[in-house]
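# Examining the three-dimensional arrangement
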Amino acid sequence: MKNIDSISHVSGKSVYVDDIPVLDNTLYALIVPATIAHGVLKKIEYTGDHSDFVRMITASDIPGENQIGSIIPDEELLSSQDIHFMGQAIAIIVAKSLNSAYMIRDEVHVEYDEYKAITDPRVAFNSGNIIGESRKFQCGDIVWADCDTIVSDRVDMGGQEHLYLETHGSYVIPTERGYKVISSTQSPSSVQKMIARVLGISMHLVEVDVNRLGGGFGGKEDQATPIACMAALAVNITDRPVKLILDRIDDLKMTGKRHPYSADYKIGMKSNKIIAYDVIFYQNAGASADLSPAVLERTLFHATNSYYIPNFKATAYSCRTNLPPNTAFRGFGGPQGMFVIEAAIDKLAEKSGIPAYVLQEANLMKNGDKFPYGQITDNLMLTDAWSKIKTIKNVYEEEIEQFNHNNKYFSKGMAIMPITFGISFTNTMMNQGSALVNIYQDGSIGLSTGAVEMGQGVNTRILQALISSFGVSADRVKMETTNTTRAINTSPSAASSTHDLNGWATLDACNQLIRRLEKLLIDEYQAGSVEFINNRVIFNDRSLSWDELIQFAFTKRVDLAAHGYYCTPDIYFDKEKEKGHPFAYYTTGVAIQMATVDIIRGTYKLDKIDIIHDSGRVMNSNLDRGQIEGALAQGLGWMLLEDLQYDDNGRLLSNALSTYKIPDINFMPDIKIEFIGANNPLGLMGSKSIGEPPLMYGIAGYFAVRNAMRNHKNIDMAYKTPLTPERILMGLFS
Amino acid sequence: MTVEFILNKETITTDINPNIPLLDFIRDHQMLKGTKIGCREGDCGACTVLLGELKNNEVIYKTITSCLTPLGNVNGRHVVTIEGLSHPDNIIQLNMISTGATQCGFCTPGFVVSLTAAAINKQNPVESLDGNICRCTGYNSIKIASQLVFDQLQDTDNLLAKNIVPQYFANIPDRLGDIKFVKNTGTTIIGGGTDLYVQKQRVLLDKQLEFSTHNSDLRYIIPDKDSIRIGAGTTMSEFISNKHISELIDTEQLKLIASTPVRNIATIAGNLVNASPIGDFSVILLALNAKILITNSTKNREISLDEFFVSYKKINLQQDEMIIEIKIPKDTIKFNFEKVSKRMYLDIASVNSACAVYTENNIIRSIRISAGGVYEIPLLLRETAEYMIAKELNEKTFKEACSIAVKEIKPISDVRGSKEYKTLLLQQLIKAHLIQLEGQQ
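Residues numbered from 1 in each chain as written. Chains lettered and ligands numbered in written order. Predicted model: local features only at pLDDT ≥ 70, side-chain atom pairs only at ≥ 80, totals over all residues. Heavy atoms only, no water.

Next up on the list: the overall build of chain A. Secondary structure summary: chain A contains 16 helices and 30 strands in total. A compact globule built from 734 residues should have a C-alpha radius of gyration of about 27 Å, and chain A, at 27 Å, falls within 12% of that. Across its three principal directions, the C-alpha atoms of chain A cover 80 × 80 × 50 Å. Of all 734 residues assigned to chain A, the portion counted as buried reaches 65%. About 25000 Å² of surface is accessible on chain A, with carbon and sulfur atoms providing 48% of the total. Of note, chain A has its 68 positive side-chain charges centred 3 Å away from the centre of its 85 negative side-chain charges. (Helix = DSSP H or I, 4+ residues; strand = E, 2+ residues; numbered from the N terminus. Rg over C-alpha atoms; globule rule 2.2 N^0.38 Å. Buried < 20%, exposed > 50% of the residue type's maximum accessible area, 1.4 Å probe, protein only. Areas by Shrake-Rupley, 256 points an atom, 1.4 Å probe, with all protein chains shown as cover. Lys, Arg positive; Asp, Glu negative; His and termini not counted. Charge placed at Lys NZ, Arg CZ, Asp CG, Glu CD.)

Below, the structure is given as structure tokens:
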């Protein structure tokens, strides 16, 4: 099945927040951002007399709590005094037109006392600026004396802007029942909860509705919430509809990104087996906790990537700096954990003279192996994928050897990247989903779930599950908006788990309805076996059309609506011991990437990538390919291209699309994907989740370029991302 | 002023402020929401629309970024948005659906519009997408869809039959011919708008803009005996696709500049007047020893381009003056242009450089090397060139040239690179010039 939204997408009819026709009396809001990264707000005033000026809202106008921290309450909606990052909201301008709002904002007068900003996580760590407790995962006993090769080094990873094409936005309308909130959020229930908190009202007065997102990637998991809260606050104060859309510059300036990390490691092996790995992660959390503690935890879960390492110690600190609060981004800390172990293996390879892929293979996780946090693996297709990649590697190697022999100014290289990514929210509580299936008396169906459609195709997958259960065709079903009055207390659409959680909940609702319909057929027709297929129900050698059955059920007073619920079974995690079984299952695969470096110019070209991916039983190959290719682009972008830069004062330098570049059509390599995998009992329709894991195939891009450089000459280059043309050229000439 | 144009099927006559971006007119005044706001600086392509211009009774369609285009610039033209292209049997749309070339959908209308222009102009489909960013798909499905479209077009020239353009396109030439528009005057002359409208659309609302791109007197490329004369309003695309220009230099390299929809409206003179120290055309034209003709409506003056850039963003142009023509001498030269940026396409260079050389028996008789991103203005490396005269075109000469060049430059560290990197990179680009020039022998 194709993405059910694609017809409206290609014709420009898909509606996003900014496309909704507004009510006549709508006001327009803009956020006034702090222009310093650290200090105290002394004064803020607007003394102009613009005829369109309605209100300037500051912290003292907030009727409820001025607090939006979701894990740790350490973040104000509007600064009451302290400034923690440049771009922090200090006031909201409300005006009769958007243009006027901009003109008024330009005239707002702000005075600060400015303090020195911290932008480096190690500096923050050294001055004791830590969020929450440090975390430590450990297993076995590290004995360095047992190792025959030991290396240690420092690794630095840059952040990454989400760059969802649709910027943050919200439109809030006052109604006689409270607040109707239209938001571009991955987490409608968080928006609902925080608006209630900020306005000092109960959650039932806030209805949040999400049609679709023009991209999310984690950026709208937690950080759509303050935008919606500010619009709702403006509605509360003006009693008029308020629209608040961030323009691209504001969005880049005000919102958090993927976390930059710095890490120190020491790794040791004995005859190709890694027997000791000690790593310390310094996460650059930005100014407040946001989701950083959870991101930090996932870094630890994935610190050994796909390798079995018996003696292991990883310590992680979430360091508070004066950058915008960094937040969820596809991979959620996993990529950073994986990059460090890959860098460590690369360095081991360099020191020992043994190719990295030999070390990778020798330490690859097998079914039955245990991760440092205690979960034992099963249903991994890692070794199967690896053996297929090995065949491809031989072809790559030959091509590279020949090319490098014949070229003076260009050098090719390659790298292999295995991935093993745990599927579930690591916060066990969040692994729940719900659905509401309404069958109308004519047989048509409306389906509401807690899943937010943001391009990943979750609605298409859930629809597939529903129609396979009812045996009806897709045109009988409408996927409703995600709305907090129909799907309540939802978890964010995140953690690659959305279609599992909400799909299983949908099937739960479908099963309830099927049981009711079967009972009807048994009661009325003494039906034996009942089968739902091709828009018909077949029983006792006869059949009814689905529509006839539903009309009949309605006349016989059968309840034709069902609420479905799902929570992932058998998962738990003990944070005291840092042990448990946090994941429903693992998504795995292996990629091999080839790249060419231009020795003269220091530029590179990503030639091609082959991916063997375990998607369980593939439920939609069109969507799965899309998820792999899209995640790969983001992973390659993070590793090589996307250069997020702040100056020492905490000012974003890459502050526009002219200075922050993401992959374009010419950047991407040729991509070949082969699916392997077996039925996955915990995945929807036997599949495996795919949203985040393939991003980490992009790590191969870094090492392919590095190896291309190394094939030209010995290099002594720090492990620092992104590996830009600047770093390549300086690396070649260092 | 009254702006009259055709938007999709409809003739629009409006007296609203012609300075507003076309994007806002389409979305807020016409309520056509399929054209999206992504960045307002021409870097994402979500706002791409088609602009049709009548030339010799035929309408030429090109993509433009509607965020950077003032409404006044579409006077007398045909603007086509996604709503004006959609059809249930449109093979671009059908192939994008079947290959999964759309995920969140926000960028998708822009891709459909760009592929439409590529189909109309028989352009390489992937090249036509150099101005469109997608954050979801990784582009593979888009490449496959583009290829399928172009395969399916192999047997026909009839875009109407494939529903790539709708039936109403047939009458557009006549309808455009019927529109009479009056040239406006103003105190600020605007070309394509691709620089002035970057994030500054509100600042321009109150200005008296003179929309110059209608002025066909300024859009020409004419070869004379000694030089090629280029009208100041000539767009980058017109420059790159011109056969007289491509006889002089390899224009393939110029596709590294901006993107298709930006090149379609950005003017050569605009790129010069912008005076960016890293301006690609400034660097190219410096090496080509271009002259510029400047007028203040009472008298003309001609200066060499290397006298035009004075200091950072300061140019040798008075308030009442404008550039009307650029002249490139038709010297027998070998030419090379180099540009390194973080991303190869649609990015601003860290360092760019151009080199034009004339040799006899491999001895350099004349040479001009320019460099951007290494000084407060686009820089002609005079001393470097002076040293190289009468030397052999070889590695030794270029190596020595590098060591002179680094003394002529004063790069600063910024978001596009450290000064150490820029210093090294310029030397590498000079080496690259040699490799490329030797290849041309």
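What follows is about the domain arrangement of chain A. Residues and elements named next belong to chain A. As far as domains go, chain A holds domain 1 (6-115 + 163-254), domain 2 (261-425 + 575-733) and domain 3 (432-567). Taking only C-alpha atoms into account, the centre of domain 2 sits 39 Å from that of domain 3. Taken together, the contact between domain 2 and domain 3 spans 21 residues of the former and 21 residues of the latter. Along the contact surface separating domain 2 from domain 3 lie one salt bridge. Across the pair Arg461 and Asp624 runs a salt bridge whose closest N-O atoms are separated by 2.8 Å. Taken together, domain 2 and domain 3 are joined by nine residue pairs in polar contact (both at pLDDT 80 or more). Those elements that provide at least two residues to the side of domain 2 that touches domain 3 are β16 (410-423) and α14 (621-641). Within the side of domain 2 that touches domain 3, the residues separate by chemical class into twelve nonpolar, seven polar and two charged. (Domains from an automatic or database assignment. Contact = heavy atoms within 4.5 Å. Salt bridge = Lys/Arg side-chain N within 4 Å of Asp/Glu carboxyl O. Polar contact = N/O pair within 3.5 Å; in protein donor to acceptor, adjacent residues only side chain to side chain. Nonpolar A, V, L, I, M, F, W, Y, C, P; charged D, E, K, R; others polar.)

The subject of this paragraph is the domain arrangement of chain B. All names here are of chain B. Each domain of chain B was delimited in the assignment, giving domain 1 (91-152) and domain 2 (219-440). One C-alpha centre belongs to domain 1, the other to domain 2; they are set 33 Å apart. Opposite the six residues of domain 1 that make contact, domain 2 presents eight residues. At the boundary of domain 1 with domain 2, total buried surface from both sides reaches about 500 Å², with 46% on carbon and sulfur atoms. Counting across the domain 1 and domain 2 interface gives two salt bridges. In this structure, Glu127 engages Lys255 in a salt bridge whose closest nitrogen and oxygen atoms are separated by 3.2 Å. Counting every contact that joins domain 1 to domain 2 gives three residue pairs in polar contact (both at pLDDT 80 or more). Among the residues making up the side of domain 1 that touches domain 2, the classes are represented as one nonpolar, three polar and two charged. (Buried area = accessible area lost by both parts, 1.4 Å probe.)

The final tally for this structure, using the stated rule, is 32 aromatic pairs over all chains. Consider the rings of Phe308(B) and Phe309(B), whose centres lie 5.4 Å apart with planes at 70°: the pair is edge-to-face. Note on accessibility: Phe308(B) and Phe309(B) belong to one class, buried. Taken together through their ring pairs, the aromatic side chains of Phe137(A), Phe301(A), Phe371(A), Tyr373(A), Phe573(A), Phe583(A) and Tyr586(A) make up a single cluster. In this arrangement the basic side chain of Arg212(A) is found over the ring face of Tyr16(A), its NZ or CZ atom lying 5.7 Å from the centre. A cation over an aromatic ring shows up here: Arg706(A) above the ring of Tyr719(A), its NZ or CZ 3.6 Å from the ring centre. (Phe/Tyr/Trp six-rings, centres within 6.5 Å; stacked < 30°, edge-to-face > 60°. Lys NZ or Arg CZ within 6 Å of the ring centre and 35° of its normal.)

Turning to the pairing of strand β10 (residues 291-295) of chain B, a few remarks are in order. Burial of β10(B) is extensive: four of the five residues sit out of reach of the surface. Taking the residues between adjacent antiparallel strands as the criterion, β10(B) and strand β11 (residues 300-304) of chain B are bridged by four residues, where Ser297(B) takes a positive phi near 75°. (Pairing = 2+ DSSP bridges.)

What follows is about the interface of chain A and chain B. Listed as interface residues are 67 residues of chain A and, on the opposing side, 70 residues of chain B. With both sides pooled, the region where chain A packs onto chain B buries about 5700 Å², and carbon together with sulfur makes up 60% of that total. By the criterion of area lost to chain B, the three top residues of chain A are Val10(A), Leu165(A) and Ile665(A), representing 14% of everything that side buries. Between chain A and chain B we count eight salt bridges in total. Across the pair Asp43(B) and Lys661(A) runs a salt bridge whose closest N-O atoms are separated by 3.0 Å. If you look at where chain A meets chain B, you find 33 residue pairs in polar contact (both at pLDDT 80 or more). Listed by contribution, the elements that provide at least two residues to the side of chain A that touches chain B are α1 (6-10), α2 (98-106), α6 (248-254), α14 and α16 (725-733) of chain A. When residues of the side of chain A that touches chain B are assigned to their parent elements, the largest contribution, eight residues, is made by α14(A). Partitioned by chemical class, the residues of the side of chain A that touches chain B number 30 nonpolar, 23 polar and 14 charged.

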